[in-house]
Amino acid sequence: VQLQASGGGLVQAGGSLRLSCAVSGRTYSSRYMGWFRQAPGREREFVSVIKWSGGHTYYADSVKGRFTISRDNAKNTMYLRMDSLKPEDTAVYYCASSARAILSSISSSAAYDSWGQGTLVTVSS
């Protein structure tokens, strides 16, 4: 599975962005797909995940109510709509795919097999 993330940029606090992740290759092998982020000097952290079949969604507490993950099966694309952005949301955002994750492991980056290249989101105060 190959992943290509896009949509990052500079936005003021309170603004919105939508990230996209185009998926190619063995897309049928993806069980969960998600977004992680990494701020300078910090470890990569879980943001959100969607179960490719069924569309169940999960969020980190820090983004719940502000971010919305979705997917378009026909376009093989996953999205992350980010509203009410805060300066602390500034990070490189990565999309990832997992063929083997189970529900208890979906927030762990170690459960993901394929990663996109990342897209930078900068939120100014």
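Each value, and the rule that gives it
Residues numbered from 1 in each chain as written. Predicted model: local features only at pLDDT ≥ 70, side-chain atom pairs only at ≥ 80, totals over all residues. Heavy atoms only, no water. Helix = DSSP H or I, 4+ residues; strand = E, 2+ residues; numbered from the N terminus. Rg over C-alpha atoms; globule rule 2.2 N^0.38 Å. Buried < 20%, exposed > 50% of the residue type's maximum accessible area, 1.4 Å probe, protein only. Areas by Shrake-Rupley, 256 points an atom, 1.4 Å probe, with all protein chains shown as cover. Lys, Arg positive; Asp, Glu negative; His and termini not counted. Charge placed at Lys NZ, Arg CZ, Asp CG, Glu CD. Pairing = 2+ DSSP bridges. Disulfide = S-S within 2.5 Å. Salt bridge = Lys/Arg side-chain N within 4 Å of Asp/Glu carboxyl O. Core = buried A, V, L, I, M, F, W, Y, C linked by side-chain atoms within 4.5 Å.

1. Looking at the overall build of the chain
- Scanning the chain from terminus to terminus reveals 0 helices and 11 strands.
- Going from the N terminus to the C terminus, the chain shows its helices and strands as β-β-β-β-β-β-β-β-β-β-β.
- Here the C-alpha radius of gyration of the chain, 13 Å, is about what a compact globule of 125 residues would show, namely 14 Å.
- For the chain, the C-alpha atoms occupy an extent of roughly 40 × 30 × 25 Å along the three principal directions.
- Evaluated residue by residue, the chain yields a buried proportion of 43% over its 125 residues.
- Accessible area of the chain: about 6,300 Å², with a carbon and sulfur share of 47%.
- Taken as two groups, the 14 positive and 8 negative side-chain charges of the chain have centres that lie 6 Å from each other.

2. Describing unusual backbone geometry
- Even without being a glycine, N76 presents a positive backbone phi close to 50°.
- The class for N76 is partly exposed, based on a relative accessible area of 25%.
- Its identity as a non-glycine residue notwithstanding, S84 has a phi of 50°, on the positive side.

3. Overview of the pairing of strand β3 (residues 17-24)
- Pairing of strand β1 (residues 2-6) with β3 involves 5 bridges; the strand directions are antiparallel. Across the sheet, the residue bridging to L3 is V23, located in β3.
- Relative to strand β8 (residues 77-82), β3 is paired through 6 bridges, and the arrangement is antiparallel. Across the sheet, residue L19 finds its bridge partner in β8, namely L80.

4. Topic: the state of the cysteines
- Counting across every chain of the model gives 1 disulfide.
- Disulfide partner of C21: C95, at an S-S distance of 2.2 Å. Between C21 and C95 the sulfur-sulfur dihedral comes to about 70°; the bridge is accordingly right-handed. With C21 in strand β3 and C95 in strand β9 (residues 91-98), the pair connects residues that are 74 residues apart, well separated along the chain.
- With a relative accessible area of 0%, C21 lands in the buried category.

5. Looking at the pattern of salt bridges
- Applying the stated criterion across every chain, the model contains 6 salt bridges.
- Between R37 and D89 there is a salt bridge, and its shortest N-O distance comes to 2.9 Å. Pair noted here: R37 is in strand β4 (residues 32-38) and D89 is in the loop between β8 and β9, with a separation of 52 residues, a long-range link.
- Look at R37 and you get buried, because its relative accessible area is 5%.

6. Re the nonpolar core
- Ranked by internal contacts, the top residues of the largest apolar core, which has 35 residues, are W35, M78, L80, M82 and Y93.
- Counting only elements with at least two residues in this core, the list comes to β1, β3, β4, β5 (45-51), β7 (67-72), β8, β9 and β11 (119-124).

Everything listed here is a matter of geometry and, on its own, says nothing about what the molecule does.
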